[in-house]
Every structure is written in C-alpha cells, then in structure tokens.
Amino acid sequence: MKRKYNLKLGVVGTRRDIFSKEDALKYNALILSRLEGMGIDFADIMDVNEEGLLFDEKDVDAIVDHLKKEKVDALFFPHCNFGTEDLVAKVAKEIGKPVLLWGPRDEAPLENGARLRDSQCGLFATGKILRRFQVPFSYMNMCRLDDPYFAWRLDNFLRAAQVVKELDGMTILQIGTRPAGFWTVMINEGELIEKFNIRVHPVSLPELKEEMERVGEQEIGDTIATIRKTMEIGVSTEAVRQTAALKCAMKRLMDCFGCKAAAIQCWNALQGHIGLFPCVANALLNDEGYPVVCETDIHGAITSLLVQAAARGEHVPFFADWTVPHPTNENGELLQHCGPWPVSLMKEKPRFGAPFAFNYSHPGALHGEIRGGDMSIVRFDGDNGEYRLLMGHAKGIDGPKNQGTYVWIEVENLRKLEAKIVEGPYIHHCVGVHADVLPVLHEALRFIPDLTSDYYDTDNDTMDAVLRGE
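Residues numbered from 1 in each chain as written. Predicted model: local features only at pLDDT ≥ 70, side-chain atom pairs only at ≥ 80, totals over all residues. Heavy atoms only, no water.

Below, the discussion takes up the sheet that holds strand 10 (residues 292–293). An order of 7-6-9-10 is seen for the four strands of this open sheet, with the pairing classed as parallel. Sheet topology places strand 7 (199–203) and strand 10 at the edges, where each strand pairs with a single neighbour. Pairing of strand 6 (residues 171–175) with strand 9 (residues 261–264), which is carried by four bridges, proceeds in the parallel orientation. Counterpart to Leu173 in the pairing with strand 9 is Ala262. Across the sheet, helix 9 (residues 237–256) is in contact with strand 6, strand 7, strand 9 and strand 10; its angle to strand 6 comes to roughly 140°. (Pairing = 2+ DSSP bridges. Helix = DSSP H or I, 4+ residues; strand = E, 2+ residues; numbered from the N terminus. Contact = heavy atoms within 4.5 Å. Axes fitted to C-alpha atoms, helices over the stretch in contact; angles between N-to-C directions.)

This is the structure in structure tokens:
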C-alpha cells in the first residue's frame with residue numbers, strides 16, 4: 001500500500017478596526033471558499049468568535065487553543081484588511097509551525113479618496129513584528145484569488161510545510177552497521193537529534209533474519225505475486241521467496257519502530273546471513289513510499305524522505321551513485337546503483353538477477369534503465385557541525401547500456417558539480433526525482449535553521465524570484 005501524506009492548514013484571517021469590517025468579512029468568506037474549492041484540508045476560526053477573524057486581544061488564547069486542538073501543521077494569515085500585526089505574531093509564536101503571510105490585492109481608492117482595506121500596508125507591519133518575535137515566515141506576494149499564482153504559491157508552501165513536518169521527529173531504521181570500508185557514510189547521531197530532531201533506530205542483521213522467519217505466508221505470497229507481475233525473473237523460486245520475506249520484514253520493522261525509511265548494510269555481511277542482496281526488496285519498498293537506501297547511508301535516507309515529502313508522494317525518488325562521466329557529452333553523467341530503484345520508474349520490465357559489481361553468486365538485484373525527462377537531484381549531508389542541502393536540475397539523455405538500475409543525465413555544468421561534491425560536505429550518493437522540488441525545498445529551508453541551501457545550477461536570489469512568480 002502506497003504511503004499517504006496529510007497536512008492540516010490553520011487559516012487565521014485578520015483585520016483592524018479602523019478599516020472596513022464589511023470588506024474584511026467579505027474577503028474572509030471568499031478566501032475560505034477558494035481553499036475549499038482547492039481541496040485543502042484546513043481549520044479556520046469561524047467558531048472562535050462571531051466574525052471568524054483575528055482582531056481582538058481577548059480572542060488570542062481561544063484561537064491558539066483551537067488551532068492546537070485541530071493539530072494544524074502550518075499557519076496561513078490572510079490580511080483581509082490591514083490586520084493586527086501583534087496578534088498575528090502572538091498566535092504564530094505560540095503555535096510554532098510554518099507561517100505564510102498574504103493579502104488580497106488592494107483595489108483603487110473610492111471616488112472620495114477613501115481606502116477600504118490597506119492590506120499591503122498591514123503586511124509590511126506584520127512582517128516586521130514577526131521578525132521581532134523571531135518567527136520564521138514565508139510571504140506570498142499580493143494577488144487576486146483567481147490568479148494562477150495564488151494556487152501555485154499556496155501549494156508550494158504546503159509542500160514546504162510537509163517537508164518540515166516530515167523532518168521533525170523523523171526516525172531512520174539502521175539495519176546493520178555501516179560497511180567497514182565506507183567511512184563516507186559515517187554520521188553524528190547526536191548532532192542529528194540536536195539540530196533536526198532526527199533519530200536513528202538500529203537493528204542487527206540477526207534481528208532482521210528473525211523477523212523474516214516471522215512473516216506470514218499471505219504477506220509473502222502477495223509480494224511474490226507483485227514480483228512476478230512487474231519483473232523478469234532470472235533467479236530461483238527460493239530466491240524470490242526469500243526476497244519477498246526480506247521486503248516484508250523490513251516493512252514490519254519500520255512500522256514497529258515508527259520509522260519512515262531505512263538504511264541497510266547491503267553488503268557483505270548480509271550475504272552471509274541470508275544469502276542474497278536486498279536491492280529488489282528495496283525497490284519494492286521504495287515504490288510504496290518507504291525509502292530504503294544502500295550501504296547504511298543514513299543521510300541518504302534523510303534525503304529520500306525530504307524529496308518524497310516535497311513531492312507529497314506524487315513521485316517516488318531513487319537513490320543513486322554519481323558514477324562516471326558520459327563518454328561524449330561534457331555535461332553528462334551516469335546515475336546508477338546495483339539495482340534498488342522503483343520498478344514504476346523503469347522503461348521496460350527490469351530483470352531480477354544478481355549484482356554485477358561483486359564476485360558473488362547471490363541474487364537480489366534489478367537490472368534496467370529508468371525513464372529520463374526532467375529531474376531534481378538532491379543530497380542532505382554535513383560534517384564538522386555544518387549541514388547543507390545540495391540541489392539542482394538534470395534531464396535524462398541517451399547513453400551506453402549499463403548493468404544494475406541506471407539513467408544517464410545532463411546537468412548545466414558538470415565541472416562545477418563535480419568540484420562541489422569532492423569539496424564537500426557531500427559523498428558520491430544522491431537522490432533523484434522526476435519533479436521540480438527545488439522551489440519547495442528552498443521555501444522549507446526558511447523553517448530549518450541549521451540547514452543551508454547549496455545549488456549547483458541556480459542560486460538563492462533566483463529561487464526567491466521563482467517564489468515571487470517572476
């Protein structure tokens with residue numbers, strides 16, 4: 001079953017007494033109707049006071065209590081006229097969730113020179129006071145409700161809030177120790193908790209094997225059916241059965257310990273314990289929205305979850321090696337791994353066989369090329385106490401046939417990208433997805449203070465312009 005994402009938006013329209021109450025009420029109703037039409041799950045404050053607007057100090061505690069009871073994940077403060085900046089800041093500070101400011105574009109003054117709302121002026125005031133309260137926030141530029149920018153920009157904020165929600169309290173299942181020779185995947189668990197509230201739950205390979213033995217026949221049979229339907233089988237019936245049991249066991253362990261992703265020591269101790277590679281099992285779980293990454297790369301698992309949340313599960317990510325440059329394209333590069341990529345991304349039915357890169361006869365890897373098209377490439381990583389998010393664009397291109405799961409891509413400037421990876425804090429692993437998630441991640445970073453953006457083909461100013469609709 002595919003993992004589902006949910007997010008509840010708290011909508012708190014605000015007004016100020018010296019401007020038109022009637023216009024503020026009109027716009028609040030229009031805004032709530034627009035959100036309903038967009039299918040957004042939200043909690044308003046219509047039952048908190050007679051107007052359903054924030055404008056009176058005495059309502060603040062009741063509004064905060066209501067939003068907490070509704071378990072909102074983000075806050076939207078439409079300024080239906082000038083608004084009341086200090087009350088907005090008080091509510092936002094108490095709730096402690098991502099904040100979006102916006103106001104409907106002001107109309108021309110009346111014939112007598114009077115103005116009904118002055119929403120823009122109020123937004124200037126609220127932005128300043130949120131900074132005084134040290135409340136991070138996003139701003140959606142003024143526009144009309146039927147402007148396409150309104151729908152796109154609100155959706156981007158909701159996706160960014162989904163990333164923030166995913167990160168907070170994220171737990172990664174670590175299956176086995178890191179491969180002894182892979183110093184690159186070392187992490188600092190203490191820093192992950194202190195900076196991001198990310199936890200790691202370790203289990204041993206014997207524990208994994210014991211869980212495999214507990215998996216029921218119905219679970220195994222359903223998974224075998226999926227394997228036979230989606231893959232060309234080049235291994236024994238017993239290898240298929242063991243792979244199905246491994247997939248189910250990893251999912252059971254993730255559910256048991258509240259983990260949204262896993263990182264497994266895929267070689268070489270695993271082959272001694274259960275006699276196969278986990279790539280096909282990883283591929284099946286990746287397709288269901290439960291990323292499992294290779295070589296105990298905890299930072300890779302974190303990356304996968306951030307990317308998947310940015311896409312809100314509409315596109316599945318794939319975990320890859322930056323491998324070798326393209327033989328003829330100066331900006332081309334091979335993304336590849338032994339065989340753990342989601343089957344849904346494949347151009348054709350992949351082959352279930354053995355890994356090509358090891359002198360083992362153990363089965364467990366997929367072989368096939370995934371589709372190209374436009375992609376985002378992302379990597380969460382850090383060392384020496386500093387963490388960054390490497391991000392950029394890529395597009396699929398033609399290239400020589402490869403073993404394992406693979407795709408050839410082209411980037412804007414491979415030399416620049418290559419230097420960034422080597423100079424760090426990154427390693428040779430990344431996560432790709434067939435969607436442009438950069439605007440979402442750029443906005444999400446406003447609410448993640450210990451993580452900074454690091455673009456290989458754009459910059460912060462350009463991404464800010466994208467959010468402004470320029």
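This part takes up helix 6 (residues 189–196). Within helix 6 the residues assigned to the buried category are Glu191, Leu192 and Phe196. Looking down the long axis of helix 6, one finds its buried residues gathered within 100° of arc, a one-sided arrangement. On its buried face, helix 6 is in contact with helix 5 (148–167), helix 12 (298–310), strand 15 (374–383), strand 16 (386–397) and strand 19 (451–455). Near the N-terminus of helix 6, the side chain that reaches the backbone nitrogen of Gly190, with its oxygen 3.1 Å away, is that of Asn188. (Buried < 20%, exposed > 50% of the residue type's maximum accessible area, 1.4 Å probe, protein only. Arc of directions from axis to C-beta. Polar contact = N/O pair within 3.5 Å; in protein donor to acceptor, adjacent residues only side chain to side chain.)

Every second residue of strand 9 is oriented toward a common face, with Ala261 and Ala263 on one face and Ala262 and Ile264 on the other, all of them buried. Note: strand 9 against strand 10, two bridges, orientation parallel. The residue bridging Ala263 from the neighbouring strand is Val293, located in strand 10.

If you look at the biggest cluster of nonpolar residues, it comprises 129 residues, and the most contacted ones within it are Leu9, Phe76, Leu208 and Leu335. Residues in contact with Leu208, not counting those within four places in the same chain, are Ile175, Leu246, Ala249, Met250, Leu253, Ile264 and Leu270. The next biggest cluster of nonpolar side chains, apart from the first, holds 23 residues, and it includes Leu54, Val60, Leu67 and Leu123. (Core = buried A, V, L, I, M, F, W, Y, C linked by side-chain atoms within 4.5 Å.)

So, on to the sheet that holds strand 4 (residues 99–102). Spatially, 2-1-3-4-5 is the arrangement adopted by the five strands of the open sheet, whose pairing is parallel. Looking at the sheet topology across the chains shown, the edges are occupied by strand 2 (42–43) and strand 5 (138–139). Looking at chain direction, strand 3 (residues 74–78) and strand 4 are connected through four bridges and run parallel. Counterpart to Phe77 in the pairing with strand 4 is Leu101. Across the sheet, helix 3 (residues 85–95) is in contact with strand 3 and strand 4; its angle to strand 3 comes to roughly 175°.

That is the geometry; function is a separate question.
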